[in-house]
Amino acid sequence: MKVLLYTFRQLFCVKPMQLLGDCHRKISSSKVCYGYVVNEKVKSALKYRQPIVALESTIITHGMPYPQNSRTASDVEEIIVNNGATPATVAVIAGQVHVGLDYDQIEWLAAKAKDCIKVSRRDLPLVTSQGLTGGTTVSGTMLVAHHVGIPVFVTGGIGGVHRGAETSFDVSADLRELGRTPVTVVSSGVKSILDIEKTLEYLETEGVCVAVFGPSCDFPAFFTPSSGYQAPYCIQTAKEAADMIVSHQDLGLQSGILIAVPIPKTTVTGDLGDIIETERCFWESCDPIYPGKSE
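Because the structure is predicted, anything quoted here is derived from the model rather than measured.

Draft legend 1. Here's a closer look at the packing of helix α10 (residues 173–180) against helix α11 (residues 196–205). Following both chains from N to C, one finds α10 and α11 inclined at 25°, their axes separated by 9 Å at the closest point. It follows that α10 is roughly parallel to α11 by the angle criterion. Here α10 and α11 pass one another in a crossing that is right-handed. When α10 is examined against α11, the residues Leu175, Arg176 and Leu178 are found in contact with a partner set consisting of Thr199, Tyr202 and Leu203. Among the residues forming the contact of α10 with α11, the class breakdown is four nonpolar, one polar and one charged.

This is the structure in structure tokens:
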């Protein structure tokens, strides 16, 4: 939870939100959202080209137990609202793709988490056709955000290349989505239990611009600010981030951007080995991994 809240506070303070508004006004276009239920606040922000931040919902349905999941989702939305933007949490409810949830919907989704499906791009046709309910992953949220015209999406951590992928071929759909969907994803890196070196290589192959937000190119690993691997670039101000997003859209690139925001070093205790083991236990307790459905 601290990682999630820090990611939002670190990058989206008041000035970055204003820059995000400028960025959104430049690159948004009016879109008819067939098949989507867009709530009134998000609809108004889209109409008047005000800053919007897309949010995933697997943090609600699969990330942590009730009521912590509901509380975290509400806290994250509050941070965004307090800094001048509109949160747009994406989820599938009874077969309808919702863009923007109210408090009651978040609470209902959080309470029903055990009955929810994890919804990636591949799952959307079946889940919507059968009237099911689920939380959208990074890839599912990126796809929806792009379709309705939201250029920025914030999450805790993205998926990546699993260790042993050279034989298992277990690579998160998040990476492929970053390679084909022009949305900027802001996160605290990838889970340290993944193969971060191969993850960065995969993102390079997919044509994804990767930059660390801060003075160093040291790529973060979710619970730790340093993975030991280097991103190709770093950006040090919100203006640099906004300018990069606008340039990306002006060039008409069809891949995404990944901005990695390290957590503060002061929040880290223990060595990297202990952190990795703790993280492995955490993720396994939250969502047991089984082939093809882990991310």
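What follows continues from the structure just given.
Draft legend 2. Spatial organisation of the nonpolar core. Counting 43 residues, the largest nonpolar core has Val99, Ile150, Ile158, Val210, Phe219 and Leu258 as its most contacted members. For Val99, the residues in contact, after removing those within four places along its chain, are Tyr36, Val37, Val38, Asn39, Val42, Ala88, Thr89, Val90, Val144, Val148 and Ile150. If you look at the next biggest cluster of nonpolar residues, it comprises 17 residues, including Leu55, Val154, Val186 and Ile257.

Draft legend 3. The pairing of strand β8 (residues 184–187), seen in detail. Residues of β8 alternate between two faces, with Thr184 and Val186 on one and Val185 and Ser187 on the opposite face, all of them buried. Judged from the three bridges that link them, strand β7 (residues 152–154) and β8 form a sheet pairing that is parallel. Counted as the bridge partner of Val152 is Thr184 from β8. In this sheet, strand β11 (residues 257–260) lies alongside β8 in parallel orientation, the contact comprising four bridges. Its bridge partner lying in β11, Val186 is registered against Ile259.

Scoring rules and cut-offs
- Residues numbered from 1 in each chain as written.
- Predicted model: local features only at pLDDT ≥ 70, side-chain atom pairs only at ≥ 80, totals over all residues.
- Heavy atoms only, no water.
- Axes fitted to C-alpha atoms, helices over the stretch in contact; angles between N-to-C directions.
- Helix = DSSP H or I, 4+ residues; strand = E, 2+ residues; numbered from the N terminus.
- Parallel < 35°, antiparallel > 145°, perpendicular 65-115°, else oblique.
- Left-handed = near helix turned anticlockwise from the far one by under 90°.
- Contact = heavy atoms within 4.5 Å.
- Nonpolar A, V, L, I, M, F, W, Y, C, P; charged D, E, K, R; others polar.
- Core = buried A, V, L, I, M, F, W, Y, C linked by side-chain atoms within 4.5 Å.
- Buried < 20%, exposed > 50% of the residue type's maximum accessible area, 1.4 Å probe, protein only.
- Pairing = 2+ DSSP bridges.

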